[in-house]
Amino acid sequence: MAAMEPNLVTYALYGLAALVLVWLLAKVKRRLELSMAKHPSLTGHARMSRRIASLIPFYEYDESRFFNSDDAPHEVAERRRAGFARLARLYEERFPKTRLATAKVQGSISDVQFTDVYRVPFQYSRIVREKLRAGTFVESSSGVTLTDLDGNRFYDLTGSYGVNVFGYDFYKECMERGLARTRDLGPVLGSYHPVVAYNVERLKQISGLDEVSFHMSGTEAVMQAVRLARYHTRRTHLVRFSGAYHGWWGDVQPGIGNPQPARETYTLSDMSERALHVLRTRRNIACVLVNPSQAMHPNASPSSDSALVDSGRGSHFDKAAYAEWLKRLRAVCTERGIVLIFDDVFVGFRLAPGGSQEYFGVKADMVTYGKTLAGGWPVGAVCGRADLMKRFRDDRPADICFARGTFNSHPGVMGAMAEFLERIETPEIRELYVDLDSVWDGRTEHLNRRLAEAGVPVRIANMSSIWTVLYTKPSRYNWMLQYYLRAEGLALSWIGTGRLIFSLNYTQADFDAVADRFVAAAKAMEADGWWWSPPGASNKTIRRRILREIVAHRLRG
Ligand SMILES: Cc1ncc(COP(=O)(O)O)c(C=O)c1O
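As the structure is a computational prediction, the values presented were derived from the model and not from experiment. Each chain carries its own residue numbering, running from 1 in the written order of its sequence. Local features in this predicted model are restricted to residues of pLDDT 70 or higher, and side-chain atom pairs are both shown and tallied only at a pLDDT of 80 or more, whereas totals for entire chains, interfaces and linings draw on every residue. Heavy atoms throughout the structure, all of them, feed into the side-chain values; hydrogens and water do not.

Caption draft 1: Up close: unusual backbone geometry. In this structure, Asp71 takes a positive phi of about 65° despite not being glycine. Strands are runs of DSSP state E lasting at least 2 residues, helices are runs of H or I lasting at least 4, and numbering of each runs from the N terminus. As for its position among the elements, Asp71 is in the loop between α2 (46-55) and α3 (74-94). A simple rule labels every residue: compare its accessible area, found with a 1.4 Å probe on the protein chains alone, to the largest value its type can have, and call it buried under 20%, exposed over 50%, or partly exposed in between. Owing to a relative accessible area of 45%, Asp71 belongs among the partly exposed residues under this scheme. Phi at Met271 is positive, roughly 55°, even though this residue is not glycine. Mapped onto the fold, Met271 is located in the loop between β6 (265-268) and α10 (273-281).

Caption draft 2: Just the pairing of strand β3 (residues 153-156), in detail. Any two strands are treated as partners once DSSP identifies two or more bridges connecting them. The pairing of strand β2 (residues 145-148) with β3 spans three bridges and is classified as antiparallel. Within β3, the position partnered with Thr147 by the bridge is Arg153. Remark: four residues form the turn of the hairpin made by β2 and β3, two consecutive strands paired antiparallel; Gly151 in that turn has positive phi of roughly 85°. Pairing of β3 with strand β15 (residues 490-491) involves two bridges; the strand directions are parallel. Bridge pairing in β15 links Tyr155 to Leu490.

Caption draft 3: View of the environment of Gly159. With respect to the element layout, Gly159 can be found in the loop between β3 and α7 (168-182). Residue class for Gly159 comes out buried when judged on its relative accessible area of 0%. Put simply, Gly159 and Tyr322 are 163 residues apart on the chain and 24 Å apart in space, counted from C-alpha to C-alpha. Sequence-distant contacts of Gly159, that is, excluding residues within four places in its chain, are made with Asn164, Tyr168 and Ile501. In this analysis, two residues are considered to be in contact whenever any of their non-hydrogen atoms come within 4.5 Å of each other.

Caption draft 4: Layout of the site of the ligand. When at least one non-hydrogen atom of a residue lies within 4 Å of a molecule or strand, that residue is treated as near it. Near the ligand, the surroundings consist of Ser217, Gly218, Thr219, Tyr245, His246, Gly247, Asn291, Asp343, Val345, Phe346 and Lys371. Polar contact criterion, stated in full: a pair of N or O atoms within 3.5 Å, where within protein one must be able to donate a hydrogen and the other to accept it, and residues adjacent in sequence count only if both atoms are side-chain atoms. Residue Asp343 places a side-chain N or O atom 2.6 Å away from a nitrogen atom belonging to the ligand. Taking Lys371, its side chain carries an N or O atom lying 2.7 Å from an oxygen atom of the ligand. Computed on the free molecule, the ligand has an accessible area of 390 Å², of which 81% lies beneath the protein chains in the complex. We get accessible surface area from the Shrake-Rupley algorithm with a probe of 1.4 Å; when it comes to residues, only the shown protein chains can shield them.

Caption draft 5: Structural view of the side chain of Asp116. In this fold, Asp116 is placed in helix α5 (residues 110-117). One polar contact links Asp116 to Arg133, side chain to side chain, over a distance of 2.8 Å. Residue contacts for Asp116: discarding those within four places in its chain leaves Gln106, Ser125, Arg129 and Arg133.

Caption draft 6: Representation of the pairing of β2 within the structure. The alternating pattern of β2 places Thr145 and Thr147 and Leu146 and Asp148 on opposite faces, both of which are buried. Strand direction decides the pairing type here: strand β1 (residues 138-142) and β2, joined by four bridges, are antiparallel. Each residue of the ladder has a partner; that of Ser142, found in β2, is Thr145. Two successive antiparallel strands, β1 and β2, enclose a turn made up of two residues, where Gly143 displays a positive phi of approximately 55°.

Caption draft 7: Structural context of the sheet that holds β6. Reading across the sheet, the seven strands line up as β4-β10-β9-β8-β7-β5-β6 and stay open at both edges, with mixed pairing between neighbours. Every other strand in the sheet has two partners, leaving β4 (211-215) and β6 as the edge strands with one partner each. When the angles between neighbouring strand axes are averaged without regard to direction, this sheet yields 20°. Sheet topology places strand β7 (residues 285-290) next to strand β8 (residues 339-343); four bridges connect them, and they run parallel. If you follow Cys287 over to β8, its bridge partner there is Val339. In this description, a line fitted to the C-alpha atoms serves as the axis of each element, helices being fitted only across the stretch in contact, and the angle between N-to-C directions of two axes falls anywhere from 0 to 180 degrees.

As structure tokens, then:
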């Protein structure tokens, strides 16, 4: 009997070891599945992208290298230099007051400092800043135009970050009338102005969901939706798709830009079977966030000219394929009790009156809104199923999900929101949605034809009224186009040609004027030699070369 005892212990140990091994293998398998569900690009790997970003040293081109960083021949570099000098003179003459006003605040507004530096790739940034500063100030808006401090009128392609869906005059009226409606109450907070009841009813109708909460920004709305999803599912993790922007809260911005890692965020590949597998098999996922504007460029960040180091920017909007993906995502979320959140802060009201749910034909459990919703004032809103919006548990009175905000439901904001929600029902606004996509697809095609006829290596890709500019020939200088566009009287946001946003009140005549100017700008840039490229150049050779420069500067210390 004594001889049997060690055997039993041994068997037990073997058994235990086998169990541990199986558990470990299962863990490794799940970890591998998670890795495989990430997009292979750096955008798909938040931590790695932050680490790599921190290794890139600053270096810049001097006045001579600036014009031939692609080894352009002397004649081409001189043409570029002359074109640049002409633009610099034009900027100096045309924007003196606007430039002076900007220079005065330059060192005092952190936002201005940041956006000014990050308009073009960093190697060129200082010289561009010195010579082509256009200024950040504008005096007024009207129709589809903005006027700067020098009286220059620009066609507005900024869309005010997406707020401007129906034209600035529409918003001025909403703001004024909204304020007039709530003037008697003034800034009283905590209690509600009666217009709030109307807003809630309308948002319930529009979203098809049961409850509403109001916040002050899109970022806050997203924070609240995720917090509620975590509270009700009792799970920790949120899923976002690679490249998708959901505001600047840490958990939804795990990569470059956030000094802290987001420990409870999975960044998965968009439109990917493997991502669905992770959703099906992990038990810690509370919610999935979808930013439907990613349909334009799944798995890539919204493009900015500061990252336009070559012509690799892409876009391939396929509405049917994205709708199909959302349907599959919906099914998996339902099956696994994961909260599906559509972040309509940007595209809500822009794509369709019922936002992306209507546009793609898929229902979400929660929808966040913002930007345009309050008729021009700052806002965020969450609409959701009643069971997900509740902030307390009947059976656990101390277990609450807290959310407040001093300015939530501010009377002025709510007044303008009521105006906005009333006006979008009027025949004039309803009319704008009729054939919306075919109008904007047609305009895009028309401009692309003109660009092709002009022989310039520029094309437009669009998702309804949202555009990105693509470049068809390998070049290191595409970011210069934003300065030629400005010279032609087109106003772009600080991310340059990465995203142009039209308001839906652009008439065909307005659009034709924009198209003329766009073609003129591209032709001028072509004539100045910026799109010369060496034989055999490709985006890959450009990127390799930049990598070599970076490594050389890094090694130099
Ligand atoms: C999809 C999306 N979500 C959230 C946000 C953040 O909104 P806000 O800038 O109002 O905080 C944005 C802003 O661009 C957005 O586009």
